[in-house]
Amino acid sequence: MSLNIPDRGLQRNGLRVAWILAVIWLELGTFRFALRDCHWPDTRQPHIPDSRIVRILVIADPQIIDRHSYPGRGPLLFALSQYVVDLNLRKSWNSAFRHLRPHAVVVLGDMMDNGRLSMSTAEYEAYFTRYNNIFNMGDSPLPVYYLPGNHDVGIGNLPSFSLEVDSRYISHFGPRNYRRTVGNHTLVFIDAPALVEEDVLRASGGHTFDSWPALSHGPVEFVKQTASTGSLGPIVLFSHIPLSRPSDASCGPLREKGTIRQGYGFGYQNTLMDGATEFLLQSLKPSLVMSGDDHDYCEYEHTIASSEEKIPEVTVKSISMAMGIRRPGFQLLSLISSVPSPDHITQTPVPPPLQAPCFMPNQLGIYFYIYIPLGLVTLLFLLASNITRANKGIGYQIWSRKHSRQDSPEALHELSRGKSSHAVDADSFLPPPANKSRDHRTPAHGRSYSSPWTWRFTFGGQRRRIALPNPFGTWRSRGDHRTPQRDVGVLVGLLQDLGAIAWPPIFVFLGISLWVMQW
């Protein structure tokens, strides 16, 4: 009897290979594949003779989480959350950094989710070290320009905020207001949380920005000094908090949901106020504004009322999967400067800064919409395979018993009595030989089988029976080579298959994770 059941070993190996390839692709390949269309914006422009290009990678709101981030989660769930988020940040950062090879990096604030909170020096140092380990640049560190976010220094004086927040930030990340000249451009970094606080003080005192006695070393004083001293080339303004705009202003087609609206709460404010926004734009007249804080992408064009000049602002996506967006991202900034040749007396005008967004894979989508469905498909496939094996195993038992009875001494005895129907009818009244059991259900040659689950009932005046395979397995004697190896119950076989198939991809996943955590 041919049962034609697929080989269990071949089936297991095929699923193992499929899962291993899926894990390698989803954990590593998708991050490289997501950057296939991510190119520096200057590469899409015509070449400018005697030009120099500075390429800056701009990231926003890493907000690496700590024990204060999810107070409602238990220790195990929080440890898992932190590990998964850190792992995703490492993969995104390393994929972007190694693929794009920037000349400098700008971080638009909120480096740590709870850098503003009161904590011991040792805890803050460990927090800062973890941040540096995630955003590791290897043996060739590049210039990194930080600016403070509300999660780094806070807004307002709340009891949970550290009294050392200012000194801690400056000692670990640098000044809160500063400017740098890069590629014939002036990069201006504003302490937006401090500007929000100073703007409240100014407005409550009834002052304009012209009459306001600016706080020493504050953002207003810094902006006035920058405006009075002038700048080399176009200005690029960096602010953690986006500038104000109408509440119904569109953010463009690349935004995932909603728009940016004014609002405030515990230690945050969604946008700068109208007065502060006008003050920055009028004083600095930047060629480009780049902001963060909102976590989602947004493009908006401001207009300076006095000159009708248009100033674009780009709110950069968060690079973290934990910030409520499907696809994290970052921004590419190209600064092009021209160097006059000896044959030209005048220098070619500096082109405006160029920028372009890039997006990373949907990590939660990979977990929930790929891994889980693949797992369910695998489970259903294995369940169907084991049910098929069990049913065909029952078919083999029935076939085996039937042929065992045909070859039994009782059947041979009947045939030896003669071929006439009369003899057979007469002998049919004789009892069976005394040395044989009447119970033909007892398996021959030492074999034992567990019976299927059977229900007998009467329906429509007839006796009926439903038989299902025993889910807990059947037994096979060692000496019985005719009974197939597939004689295993549904549940036992399913669990054996799952265990045999799951451990190789799990080890590959853990190996990749440990490898990534060492980058």
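In case you missed it, the structure is sitting above this.
Once a new chain begins, its residue numbering starts again from 1 and follows that chain's sequence as written. Where local features are concerned, this predicted model is filtered to residues with pLDDT of at least 70; where side-chain atom pairs are given and counted, the filter is 80 or more; whole-chain, interface and lining totals use all residues. Note: side-chain values were computed over all heavy atoms of the structure, leaving out hydrogens and water.

S.K.: What exactly am I supposed to notice about the overall build of the chain here?
M.R.: Counting secondary structure elements, the chain contains twelve helices and 15 strands. Sequence separation of 24 or more characterises 74% of the internal contacts of the chain that already satisfy a separation of 6 or more. As displayed, the chain offers around 27,200 Å² of accessible surface, 59% of which is attributable to carbon and sulfur atoms. Numbering of helices and strands runs from the N terminus, with a helix taken as a DSSP run of H or I at least four residues long and a strand as a DSSP run of E at least two residues long. Residues are treated as being in contact if the distance between any of their heavy atoms lies within 4.5 Å. Surface accessibility in these figures is a Shrake-Rupley result with a 1.4 Å probe; residues are shielded only by whichever protein chains are displayed.

S.K.: Help me understand the state of the cysteines, please; the structure alone is not making it clear to me.
M.R.: Note on terminology: a disulfide is the covalent bond linking the sulfur atoms of two cysteines. By disulfide we mean two sulfur atoms from cysteines, separated by a distance within 2.5 Å. Applying the stated criterion to the full structure yields two disulfides. In this model Cys-38 forms its disulfide with Cys-358; the gap between the sulfur atoms is 1.9 Å. Sign of the S-S torsion, about 85° for the bond between Cys-38 and Cys-358, identifies this disulfide as right-handed. Residue Cys-38 is located in the loop between helix 1 (8-34) and strand 1 (51-59), and its partner Cys-358 is located in strand 13 (residues 354-359); the two are separated by 320 residues in the primary sequence.

S.K.: Quick question: what am I supposed to make of the packing of aromatic side chains here?
M.R.: How two aromatic rings sit relative to each other is given by the distance of their centres and the angle of their planes. Stacked, tilted and edge-to-face are the three classes applied to pairs of Phe, Tyr and Trp rings, where Trp contributes its six-membered ring and a pair requires centres within 6.5 Å; stacked means planes under 30 degrees apart, edge-to-face means over 60, and tilted covers the rest. Enumeration over the complete set of coordinates arrives at 18 aromatic pairs. With a centroid separation of 5.8 Å and an interplanar angle of 65°, the aromatic rings of Phe-161 and Phe-266 are classed as edge-to-face. On the criterion of sequence distance, the pair formed by Phe-161 in the loop between helix 4 (150-153) and helix 5 (165-173) and Phe-266 in the loop between strand 7 (264-265) and strand 8 (268-269) is long-range, its members being 105 residues apart. Chaining the aromatic ring pairs together yields one cluster made of Trp-93, Phe-97, Phe-128, Tyr-131, Phe-135, Tyr-146, Tyr-169 and Phe-173. Placement of a charge over a ring requires the Lys NZ or Arg CZ to be within 6 Å of the ring centre, with the centre-to-atom vector within 35 degrees of the ring normal. Arg-36 extends its terminal NZ or CZ atom over the ring of Phe-33, reaching a point 4.0 Å from the ring centre.

S.K.: In this structure, what is going on with the nonpolar core? I would like to understand it.
M.R.: When a protein is soluble and globular, its nonpolar side chains tend to lie buried together. By nonpolar core is meant a set of buried Ala, Val, Leu, Ile, Met, Phe, Trp, Tyr and Cys residues that side-chain atoms within 4.5 Å join together. Burial here depends on accessible area, computed with a 1.4 Å probe over protein chains only, as a share of the maximum for the residue type. Under 20% is buried, over 50% is exposed, and the range in between is partly exposed. Grouped together as the largest cluster of nonpolar side chains are 55 residues, with contacts concentrated most on Tyr-131, Phe-135, Phe-173 and Phe-330. If one sorts the elements of this core by residue count, helix 2 (residues 75-100) sits on top with nine residues. One finds Ala-192, Trp-212, Val-220 and Ile-304 within the second-largest nonpolar core, a separate group that totals 24 residues.

S.K.: Any chance you could explain helix 1 here in plain terms?
M.R.: The α-helix winds at 3.6 residues per turn, so residues separated by three or four positions along the chain end up facing the same way. Expected helix span is given by 1.5 Å per residue-to-residue step, counting one fewer step than there are residues. Taking 1.5 Å of rise per residue, 27 residues should cover 39 Å, and helix 1 covers 37 Å from first to last C-alpha, within 8% of that figure. What the bend at a residue measures is the angle between two axes, fitted to the seven residues ending there and to the seven starting there. The sharpest bend along helix 1 comes to roughly 45°, located at Leu-26.

S.K.: What is the right way to read a nonpolar patch on the surface from this model?
M.R.: On the surface, Leu-364, Phe-368, Tyr-369, Ile-370, Ile-372, Leu-374, Leu-376, Leu-379, Leu-495 and Leu-498 cluster together into a nonpolar patch covering about 930 Å² of accessible area. Residue assignment for the nonpolar patch shows that the elements contributing at least two residues are helix 9 (363-406) and helix 12 (490-517). The element that contributes the greatest number of residues to the nonpolar patch is helix 9, accounting for eight residues. In this structure, Ile-372 sits in helix 9. To count toward a patch, a residue needs a relative accessible area over 30% and no salt bridge; like charges are then connected within 9 Å, while nonpolar side chains (Val, Leu, Ile, Met, Phe, Trp, Tyr) are connected within 5 Å. By salt bridge we mean one thing: a side-chain nitrogen of Lys or Arg within 4 Å of a carboxyl oxygen of Asp or Glu.

S.K.: What is the right way to look at the packing of helix 1 against helix 2 in this model?
M.R.: An axis is simply a line fitted to the C-alpha atoms; with a helix, the fit covers only the stretch in contact. Between two such axes, the angle follows the N-to-C directions and lies from 0 to 180 degrees. Two elements in contact, helix 1 and helix 2, have axes whose closest approach is 10 Å; the angle formed by their N-to-C orientations is 40°. As the angle between them shows, helix 1 and helix 2 are arranged oblique. Viewed along their axes, helix 1 and helix 2 form a crossing whose handedness is right-handed. Residues Glu-27, Phe-31 and Arg-32 of helix 1 form the contact with helix 2, whose own contacting residues are Asn-88, Lys-91, Ser-92 and Ser-95. By the definition adopted for this analysis, an angle is roughly parallel if under 35 degrees, roughly antiparallel if over 145, roughly perpendicular if from 65 to 115, and oblique otherwise. With the far helix as reference, a near helix turned anticlockwise by less than a right angle produces a left-handed crossing, and one turned clockwise produces a right-handed crossing.

S.K.: Is there a simple way to explain the pattern of salt bridges in this structure?
M.R.: By the definition in use, this model includes 13 salt bridges. A salt bridge links Asp-86 to Arg-130; its shortest N-O distance comes to 2.8 Å. Residue Asp-86 is found in helix 2, and its partner Arg-130 is found in helix 3 (residues 121-134); the two are separated by 44 residues along the sequence. You'll find Asp-86 and Arg-130 in the same group, each marked buried. One salt bridge connects Arg-255 with Asp-294, and the closest N-O pair in it is separated by 2.8 Å. Separated by 39 residues along the polypeptide, Arg-255 in the loop between strand 6 (235-239) and strand 7 and Asp-294 in the loop between strand 9 (288-291) and strand 10 (298-304) bring together distant segments of the chain. Residue Asp-294 is classed as partly exposed on the basis of its relative accessible area, which comes to 24%. Here the residues in one salt-bridge network are Arg-8, Arg-12 and Asp-497, joined through shared partners.

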